[in-house]
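# An overview of the molecular structure
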Amino acid sequence: RDLSILSGPKTKVWVYEGKLLKGNKEALQTLEGSYLGPVIKVRKGQKVRIRFQNDLPEESIVHWHGMHVPERYDVHPQDVINSGETYIYEYEVMNRAGTYWFHPHGRTGPQVYNGLAGLLLVTDEEEQQLNLPQWEFDLPVVIQDRTFDENNQLVYLNNGQMDRMTGFLGNRILINGSPEQRLNLKTGCKYRLRLLNGSNSRIYKLAWEDGSPVTVFGIDGSLLSTPKELPYLMLGPAKRVDVWLDLTDKPEGTELTMKNASFPLEIMSGGMMGDGGMMQGAESDLPQGSEYPVFTALANGSGSNDHTLPGQLAQPDYIDPSTAGNLNAPRQFTFAMGHMEWTINGRTWETTEVADEETVKLGSTEVWELINGGGMMDNNDDGGGMMDGHGMMGDGGMMGGEDGMMNNQGMMGNMMQMPHPIHIHQVQFNIIERDVANVDPQLWDAIKDGFVDEGWHDTVLLMPGMSAKVIMQFKDFKGLFVYHCHNLEHEDMGMMRNFKIV
Ligand code: C2O
Ligand code: CU
Ligand code: CU
């Protein structure tokens, strides 16, 4: 499609164009003028049938992020269908009320970047009792960053290999596909803002500019048990969060801006990259962790609605850690750089391979320890994703001498530390513990109050040096699923593996 996104020439985008064939017409809401797919609304227990027709010029497949569905409908990268082919999904919605989404798998980074993504909202009986805002008061806020060229066309990976290594960062923020970054709301009303970080790799530290707290009441796959007020909120790629916005006492014309607050993220340290400026500067005109506006809520007309934010939301139904067979010896997965690639436990993506530690039993409850192992680029190859000078500087040529950025000596002994938002398909998990002992204290100090670890999650943001223990149950479906970094360039570069439920 050619869409008017900026003034001037139209932008070529890829879209999920939704059409309702049967059922309640409220089940499909189109975001007018946006490249984003329709908002699909379903309820727990409902059976849905979705027909995906691939009219793209290349292979693709749709993945339902966060949904607990059989192997065939969760999809695996090898399930991609050719241009012109059709894939039918038919499943019963088993998830709790929450904000889920859908996007391609395969060449994920470029396809999502071109526009392919949409929201899938699940409601359930418990949520229906709560009188939360609905329809025009229940608003999607999809946050993405993009770069346009002088002809208004999308630019992906403008720094080539360097972007592929670090992840793509655009130089402007779009909200629901619009560069206006504006929500037109009514004074006197209360809103449920459903935030999705749909960016390829950008992390947000969201704060209201006027200093008021951010009221959060839902995360990924569930409502929280009680609302939480945070000074700011860390939102990694693929994460969703429900934010309450009350405009009851705001005069008409009020503008409330949600900004990105700053945090110090240096992805290279030591030696040659010591000043930190080079790597960051190469990334984007809108550096990760800098301060910039994300969206502005405008109280325009006036209205009223009688929704309230209940003090009690979902009944906590979390997994009791003592029921995990491996609580004291969790499976460990280290996400790190190894030999020019992003790896998990030292391995990169293999289409059908499954390691022993990636095989789990149907019916089991398990703790997984997900470790951001950084990636020391030094000479001792002592495993765990450590990178020796050889691999990094060798034939890869990526950081070769031509562009004068780095040379063989320069990288030795340096750390390339990057955040990894880790996503596990097919399950929702609870986060039982975060270990931050190895996180740079300055960084930790700037972000520590922004994590919501209660509730049911499918993605956990691991900042450099951080690890998290998550607990989950493998139930209902056997099969081959994937887990991966949701920095889409890391995913496409191999930071993805299979796990098998047997
Ligand atoms: Cu949203 Cu496999 O991911
Ligand atoms: Cu997923
Ligand atoms: Cu990553």
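All values derive from a computational prediction rather than experimental measurement.

Here the UniProt-annotated "domain: Plastocyanin-like" (unreviewed entry) positions come out as residues 21–126 and 412–500. Along residues 21–126, the helical share is 11% and the strand share 36%, with 28 Å between the first and last C-alpha atoms.

A positive phi angle, close to 50°, is found at Asn176, a residue other than glycine. Turning to its location among the elements, Asn176 is positioned in the loop between strand 11 (172–175) and strand 12 (182–187). Not every positive phi belongs to a glycine, and Asp476 is a case in point at roughly 75°. Within the secondary structure, Asp476 is located in the loop between strand 32 (467–473) and strand 33 (479–485).

For the chain, the domain assignment lists domain 1 (2–127), domain 2 (136–302) and domain 3 (321–501). Using only C-alpha atoms to locate each centre, domain 1 and domain 2 end up separated by 22 Å. Residue-level contacts link 29 residues of domain 1 with 25 residues of domain 2. Every element with two or more residues in the side of domain 1 that touches domain 2 is listed here: strand 2 (11–12), strand 8 (98–104) and helix 2 (108–113). Residues belonging to the side of domain 1 that touches domain 2 are distributed by class as follows: 15 nonpolar, ten polar and four charged.

As a further point, take the sheet that holds strand 12. Here five strands make up an open sheet; going across it, the order is 12-21-19-14-17 and the pairing mixed. Each edge of the open sheet is held by one strand with a lone partner, namely strand 12 and strand 17 (233–235). Taken pair by pair, the neighbouring strands of this sheet meet at an average axis angle of 30°, ignoring direction. Where strand 12 lies against strand 21 (residues 292–302), five bridges are found, and the strand directions are parallel. By the bridge assignment, Thr187 is partnered in strand 21 with Ser302.

One broad rule of soluble globular proteins: the nonpolar side chains tend to lie buried together. Leu120, Phe335 and Leu370 are the most contacted members of the largest nonpolar core, which totals 117 residues. With residues near it in sequence (within four places) discarded, Leu370 still touches Phe333, Phe335, Ile422, Val460, Leu462, Ser467, Ala468 and Val470.

Pairing is mixed in the open sheet, where six strands are placed in the order 11-10-13-18-15-16. Each of the sheet's edge strands pairs with one partner strand only, and the pair in question is strand 11 and strand 16 (222–230). The average undirected angle you get between the axes of adjacent strands in this sheet is 30°. Bridge count for strand 10 (residues 138–146) against strand 11 is four bridges, and the pairing is antiparallel. Along strand 11, the bridge assignment pairs Gln144 with Leu174.

What counts, and at which threshold
Residues numbered from 1 in each chain as written. Chains lettered and ligands numbered in written order. Predicted model: local features only at pLDDT ≥ 70, side-chain atom pairs only at ≥ 80, totals over all residues. UniProt positions renumbered as here; feature names shortened; annotations may be inferred. Helix = DSSP H or I, 4+ residues; strand = E, 2+ residues; numbered from the N terminus. Domains from an automatic or database assignment. Contact = placed C-beta atoms within 7 Å. Nonpolar A, V, L, I, M, F, W, Y, C, P; charged D, E, K, R; others polar. Pairing = 2+ DSSP bridges. Axes fitted to C-alpha atoms, helices over the stretch in contact; angles between N-to-C directions. Core = buried A, V, L, I, M, F, W, Y, C linked by C-beta atoms within 7 Å. Buried ≥ 20, exposed ≤ 12 C-beta atoms within 10 Å, placed from the backbone.

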